Amino acid sequence: MSNLVDVFFEKVSEHFKYLEKDFDFKIVSSAIENKSHYQDSIAVVRYMNKKIGVEVYWYFASAVINVALIEIT
């Protein structure tokens, strides 16, 4: 599983590089969360600029990858 997670982090960094390059986003975290409870475990990469937060996450149990946008106020 670890190798797949590494690939996920690499691919997110590669495909979302435009956020950093073109829109002044910074990666604020990149980690596996809830490791002790597989059904809640996710790999997540968080980006943020002055107005918007972006999360790219992969739920292991359901094999779902999503992107969430959050307005920073």
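One can find the structure itself at the top, above this paragraph.
Residues numbered from 1 in each chain as written. Predicted model: local features only at pLDDT ≥ 70, side-chain atom pairs only at ≥ 80, totals over all residues. Heavy atoms only, no water.

A short note on the sheet that holds strand β2 (residues 42-48)
Step number 1: One open sheet holds the four strands; their spatial order is β1-β2-β3-β4, and the pairing between them is antiparallel. Among the strands making up the open sheet, the edge pair consists of β1 (26-33) and β4 (64-71). Shown here is a sheet whose adjacent strand axes are inclined to one another by a mean of 15°, direction ignored.
Step number 2: Here helix α1 (residues 2-15) sits on the sheet and contacts β1, β2, β3 (52-59) and β4; the angle it forms with β2, its principal contact strand, is near 20°. (Pairing = 2+ DSSP bridges. Helix = DSSP H or I, 4+ residues; strand = E, 2+ residues; numbered from the N terminus. Axes fitted to C-alpha atoms, helices over the stretch in contact; angles between N-to-C directions. Contact = heavy atoms within 4.5 Å.)

Some details on a nonpolar patch on the surface
Step number 1: Among the surface-exposed residues, Val28, Met48, Ile70 and Ile72 lie close enough to one another that they form a single nonpolar patch of about 310 Å² accessible area.
Step number 2: Position of Ile70 relative to the elements: it lies in strand β4. (Patch = residues over 30% accessible without salt bridge, like charges linked within 9 Å, V, L, I, M, F, W, Y side chains within 5 Å. Areas by Shrake-Rupley, 256 points an atom, 1.4 Å probe, with all protein chains shown as cover. Salt bridge = Lys/Arg side-chain N within 4 Å of Asp/Glu carboxyl O.)

Considerations on the environment of Ser30
Step number 1: Assignment of secondary structure puts Ser30 in strand β1.
Step number 2: With a relative accessible area of 41%, Ser30 lands in the partly exposed category.
Step number 3: Ser30 sits 26 residues away from Val56 along the chain, and the two C-alpha atoms are 9.5 Å apart.
Step number 4: If we ignore the near neighbours within four places in the chain, the residues touching Ser30 are Phe9, Val44 and Val45. (Buried < 20%, exposed > 50% of the residue type's maximum accessible area, 1.4 Å probe, protein only.)

Description of the side chain of Glu55
Step number 1: Tracing the sequence through the fold places Glu55 in strand β3.
Step number 2: A polar side-chain atom of Glu55 sits 2.7 Å from a polar atom in the side chain of Arg46.
Step number 3: Once residues lying within four places of it in the same chain are set aside, the contact partners of Glu55 are Val44, Val45, Arg46, Asn66, Val67 and Ala68. (Polar contact = N/O pair within 3.5 Å; in protein donor to acceptor, adjacent residues only side chain to side chain.)

With respect to unusual backbone geometry
Step number 1: In this structure, Asp24 takes a positive phi of about 60° despite not being glycine.
Step number 2: One can find Asp24 in the loop between α2 (17-23) and β1.
Step number 3: With a phi close to 60°, Asn34 is a non-glycine residue in the positive phi region.

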